[in-house]
Every structure is written in structure tokens, then in C-alpha cells.
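Given next are the chains, with one letter for each unit.
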Amino acid sequence: MPRPTRRTFALAALTALTAVTGTGASRTEPAGAREPERAAGPGDAGRRPAPGAAGGPAGAMRGVWLATVGNRDWPSRPGLTAAAQRAELIAHLDTAVRNRLNTVIFQVRPTADALWPSPYEPWSRCLTGTQGRDPGWDPLGTAVAEAHARGLALHAWFNPYRIAFDTDPAKLVASHPARRHPDWVVAYGGMLYYNPGLPQVRAFVQDAMLDAVARYPVDGVHFDDYFYPRPMAGQSFDDDAAYDAHGGGFPNRAAWRRDNVDRLVRGTADGIRRTRPGTRFGISPFGVWRNAATDPLGSDTRAGVQTYDDLHADTRRWVREHWIDYLVPQLYWNIGLPAADYAKLLPWWAEVARGTGTDLYAGEALYKAGDPAQPAAWQDPAELSRHLALATELPQVRGHVFFAAREVAADPIGAMARVVADHYRQPARPPR
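Along each chain, residues carry numbers from 1 onward, in the same order as the chain's sequence is written. pLDDT decides what is reported in this predicted model: residues at 70 or higher carry local features, side-chain atom pairs at 80 or more are listed and counted, and totals for whole chains, interfaces and linings draw on all residues regardless. Hydrogens and waters are ignored; side-chain quantities use all the structure's heavy atoms.

Student: Explanation requested: the pairing of strand β10 (residues 359-364) in the structure shown.
Tutor: For a regular strand, the rule is simple: side chains alternate between the two faces of the sheet. A large share of β10 lies buried, amounting to 6 of its 6 residues. Burial along β10 is two-sided: the face carrying D359, Y361 and G363 and the face carrying L360, A362 and E364 are both buried. Each pair of strands is called paired provided DSSP finds at least two bridges between the two strands. We count a stretch as a helix when DSSP gives it H or I for four or more residues in a row; a strand needs E for two or more, and each element gets its number in order from the N terminus. With 2 bridges connecting them, strand β9 (residues 326-327) and β10 associate as parallel partners. From the neighbouring strand, L327 faces β10, where its bridge partner is L360. When the strands point away from the viewer and the connection leading from the first strand across the helix to the second strand turns clockwise, the crossover is called right-handed. At this point the chain moves from β9, through helix α11 (residues 342-353), to the parallel β10, and the crossover so formed is right-handed. Sheet topology note: the β10/strand β11 (residues 397-402) ladder contains 4 bridges and is parallel. Its bridge partner being in β11, A362 is matched across the sheet by H400. Between buried and exposed lies partly exposed: a residue is buried under 20% and exposed over 50% of the maximum accessible area for its type, with that area taken using a 1.4 Å probe on protein chains only.

Student: Can you help me understand the sheet that holds strand β3 (residues 153-158) in this one?
Tutor: Each strand in a sheet pairs with another by means of backbone hydrogen bonds, the pair being arranged parallel or else antiparallel. The strand order around the closed barrel built from 8 strands is β1-β2-β3-β7-β8-β9-β10-β11, with neighbouring strands paired in parallel fashion. Relative to β3, strand β2 (residues 103-109) is paired through 6 bridges, and the arrangement is parallel. Within β3, the position partnered with R109 by the bridge is F158. Along the sheet face, helix α4 (residues 139-149) touches β2 and β3 and points at about 155° away from the line of β3. Note on contacts: a residue pair qualifies if any of its non-hydrogen atoms lie within 4.5 Å across the two residues. The convention used is that axes are lines fitted to C-alpha atoms, helices contributing only their stretch in contact, and that angles between N-to-C directions extend from 0 to 180 degrees.

Student: Got a minute to help me understand the side chain of N195 in this structure?
Tutor: Structurally, N195 is set in the loop between β6 (191-194) and α6 (199-215). Distance and chemistry together define a polar contact, namely a pair of N or O atoms within 3.5 Å, with one atom able to donate a hydrogen and the other to accept it when in protein, and with adjacent residues in sequence counting only for side-chain atoms on both sides. One polar contact links the side chain of N195 to the main-chain amide nitrogen of G197, over a distance of 2.9 Å. If near-sequence neighbours (up to four positions away) are discounted, N195 is found in contact with W184, V186, V201, F237, D239 and A242.

Student: In this structure, what is going on with the pattern of salt bridges? I would like to understand it.
Tutor: Once their charged atoms are close, side chains differing in charge can pair, the charge on each being opposite to the other. By salt bridge we mean one thing: a side-chain nitrogen of Lys or Arg within 4 Å of a carboxyl oxygen of Asp or Glu. Applying the stated rule across the entire model yields 25 salt bridges. Across the pair R72 and E407 runs a salt bridge whose closest N-O atoms are separated by 2.8 Å. Highlighted residues: R72 in the loop between β1 (61-66) and α2 (82-98) and E407 in helix α13 (residues 405-410), separated in sequence by 335 residues. Neither R72 nor E407 differs from the other in exposure class; each is buried.

Student: Is there a simple way to explain α6 in this structure?
Tutor: What sets the pattern is the α-helix's 3.6 residues per turn: residues three or four places apart point alike. Helix span is expected to be 1.5 Å times the residue number reduced by one. Its 17 residues give α6 an end-to-end C-alpha distance of 25 Å, which sits within 8% of 24 Å, the value for a rise of 1.5 Å per residue. Within α6, burial applies to V201, R202, F204, V205, Q206, A208, M209, L210, D211, A212 and V213.

Student: Help me understand the packing of α2 against α4, please; the structure alone is not making it clear to me.
Tutor: Packed helices, taken two at a time, are described by their axes: the angle between them and the distance between them. At their nearest, the axes of α2 and α4 sit 10 Å apart, and the two run at 35° to each other. Handedness of the crossing formed by α2 with α4: right-handed. Touching R86, L89, I90 and L93 of α2 are P139, T142, A143, E146 and A147, all from α4. Note that Gly is not counted as nonpolar here; it falls among the polar residues with everything else outside the nonpolar set of Ala, Val, Leu, Ile, Met, Phe, Trp, Tyr, Cys and Pro and the charged set of Asp, Glu, Lys and Arg. Each residue belonging to the contact of α2 with α4 can be placed in one class, and the counts come to 6 nonpolar, 1 polar and 2 charged. Crossings are assigned a handedness: left-handed for a near helix turned anticlockwise from the far helix by less than a right angle, right-handed for a clockwise turn.

Student: Where do I start with the environment of T392 in this structure?
Tutor: Looking at where T392 falls in the secondary structure, it is placed in the loop between α12 (383-391) and β11. Of the polar contacts made by the side chain of T392, one reaches the backbone oxygen of A389; its length is 2.5 Å.

Student: Which parts of the structure should I look at to understand the packing of aromatic side chains?
Tutor: Geometry of an aromatic ring pair is reported as the spacing of the ring centres plus the angle between the planes. Side-chain rings of Phe, Tyr and Trp, where Trp is taken by its six-membered ring, are said to pair if the distance between their centres is within 6.5 Å; with planes under 30 degrees apart they count as stacked, over 60 as edge-to-face, and otherwise as tilted. Applying the stated criterion across every chain, the model contains 24 aromatic pairs. Between Y332 and F403, the aromatic rings sit 6.3 Å apart at their centres with planes inclined by 35°, giving tilted as the arrangement. Of this pair, Y332 sits in the loop between β9 and α11 while F403 sits in the loop between β11 and α13; the two residues are 71 residues apart in sequence, bridging distant segments of the chain. Summarising the burial analysis for this pair, Y332 and F403 share the class buried. Among the aromatic residues, ring-to-ring pairing joins W65, Y332, Y367 and F403 into one connected group. One residue, R258, lies across the ring of Y308, its end atom 3.9 Å from the ring centre. Against the face of W323 rests R266, its NZ or CZ located 4.9 Å from the ring centre. A ring has a charge above it when a Lys NZ or an Arg CZ is no more than 6 Å from the ring centre and no more than 35 degrees off the ring normal.

Student: Explain the nonpolar core here, please?
Tutor: One broad trend across soluble globular proteins is that nonpolar side chains are buried collectively. With 123 residues, the main nonpolar core has F106, L140 and Y194 as its most contacted residues. Per-element accounting of this core gives the leading share, 8 residues, to α11. Residue contacts for F106: discarding those within four places in its chain leaves L66, T68, W74, L89, L115, P139, L140, A143, L154, H155, A156 and W157. Residue types Ala, Val, Leu, Ile, Met, Phe, Trp, Tyr and Cys, when buried and joined through side-chain atoms within 4.5 Å, form a set referred to as a nonpolar core.

What follows is the structure, encoded as C-alpha cells:
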């Protein structure tokens, strides 16, 4: 089966949306999505040098997601030699520099595994094709050192709860924590997840992620849009036992689940501050918090998925209460789309961020540009450039992040080149 990524999630949400509105749904391609030295150890050694003149203000976010799940962007396939993997990784960093980007958001824990020598979880399958097999080098350590050498910020991107793209625990390496703790695991929708309702699970995934923060001078910690999995017809996420044990005092299961996600967010933020002060924490949720028809505080949208109700992620609260340093809502729709208009969603998020201290960046669907399956707007190389032009009218929007690295490199219709020509004529320092 095609492995779900943030793009297939957006597709599913828009498919549900278009079933009601009749607007054209997008289609995503089937995919896996979101050197011998041991480089860049703990402490500040290896912190990036500032690009350009010494000192000076931080710039706007110009980011790119570099997805590893299912070898989406990197490595191009599992089983490459360490030297070939390293060369491909450095090529992505160089491509970011050529496009005058300043931040790479590197997926280092795609499926409860690791792209560094973690004492908590096995080496990722995307490297060698075999989960738990040492690739012979340290991808995260190398990425940090090589990004900083180029003046790029490097944010480590983690998926907290996803374990596997099938429901057979026996396919996991024997030492996998999910096999040692089967009571932590929920099978749902053809996949395996850690149960967010268990305090011991939240503690474990935080420890596993913070290990990377302790080891490497990463500039940021980044979550994507997967918390509780999206609803599927005829299926239920079986957390009955956890709810019975821990759900007392909540009016319903949904409120308890939202509190579980809130606890993960607050706990991770606290852990980052303790482990490496100054490291930024950001999240890139699906772009609709709630529709206005559901909640008068919501956006003028008709989305089939709402993060508050369906993923139990109160993204608006995280911004308003400044639990996170930045938010990157995935605004993966074109200007004028009736059910989810970029030109309406961006101002809505800007208003949410106003006066909060949480930086707002817009997540941009570069992957749609030139895809013949997408609406006509995405066949125009200037669509994304118009997104950035809209943002200049909203001071709360402090940059953009593009999905994803493969499309930055290929740029089939020149949409990224148009963004660079129109908006990125000079380099900019990474936000901090």
C-alpha cells in the first residue's frame, strides 16, 4: 500500500472536503511519505557560523522539509553506501543554499527509529533497508555540521507516535521498544502507533527525541502533523484501557485526548529548554484548526478534517499560549480554492499569531507545482510567488517552508526559481 505522508494526509482531508463541496481534489504520487566519522557532538562546538556579515538581525524563515520516511526525499533508495548517502545529503544542502534558503528541516525519526546512534531506538530502515542495521556513519551529526558550515540552520524533525506502516509487530527488529512493550501499541488503519494516552509512552518518546537534542547542536526541534491518527470510517483507535485508567475528570474522550497531546507539546518544550537552551521548537499541523461552521473562532473553510476535532491537536491554543516558538500550518491549497482558500487561511493564522510571541511561517505545497493532476492554479509557475506576495501584507507571517527537498531540486515548472527571483534576491540569516 502507498505509505501515508503529510501529502496523502492533506489529500484525505481534501477528499472528505470535496465530497461535500464538489471542488477538485488533489492527487499525490505513491511514496513513502513526511562517511565513517561521527560528526558534531554535544555542546556548542559545530554551531553554525552566521552567513554574511557578522552580527545583524535574524532573517525571515526560508525553509525546506527534507523527508526520509519511505525514502521520500533522501536517501534516494535504501542500501546506498555511506559515501553515496552522504553525497546525496550534501547535495540537498547545497541546493538549499543555491536557492537562498536558510533552514533545512531534516526528518530524523520517521517511524519510531533513528538517523543517529540512539540508545533508545533502532537505526532507521530508510538507510540500509534493514531496521536496526548500523549504516556506518552518523547522518544527523553530519547534517548538523555540514548545514552549519554552509550557514544553514538545521531543525531535527520527529514524528512522535508512528511506529510502522503495517500491523505486524514481528516485522520490527527484535529489540524495538514496541516489541518489548506491546501494551504501548495500538493497531489502527493498517498501521502501528504508540498510544498517546499512556504517560509512560509520552515519557519514552520525549526521552528518545531529546537524546538527539542532547547530542547535537540542532537549531530546532520540529513535529509534523501526526498526533492521533485521522478518523477512518468503520474503525476506532482502541485506547479504551488508557481512557479508563487516565481519563477521569474529563468530560469526554476527545477532551482527554487533546490534553494528552497538550502534555506532549508542553513536556517536549520543557525538555528542550532543559537540554539545550535556545533551541527552537516548532510544529507544522494540517492547515485548518476548525471550520467557522463548527466554531465561530474558526476559519472560513469547509475542510473535511479539523485538527482540533479529528487529530485532537489544539494548534490554536499552542500559538495563543506560546507553548511553541513557531508554527508552520500546512497551507497546501491555491489562492481562490472555494473550500480552503490560501488567501483566507493565511490572514486567519496571522490573526491567531498576533501578539503571541509565536512566530508564524506558512507551509507551502511546492510538490503540487506542475503536477498535471492538480488544479489549473498549480500549473502556473507564479502561484507560489503570489503566496509570498500575500504574506508581505501580513507582518505576523515571518517566512515560509517548502515541501519538499526533492521538488526544490527538480523544480519541474520553475515555481521555486520564480520564488527566488521575486522574493529571495539576497541571502537571509536564519531565524533565531
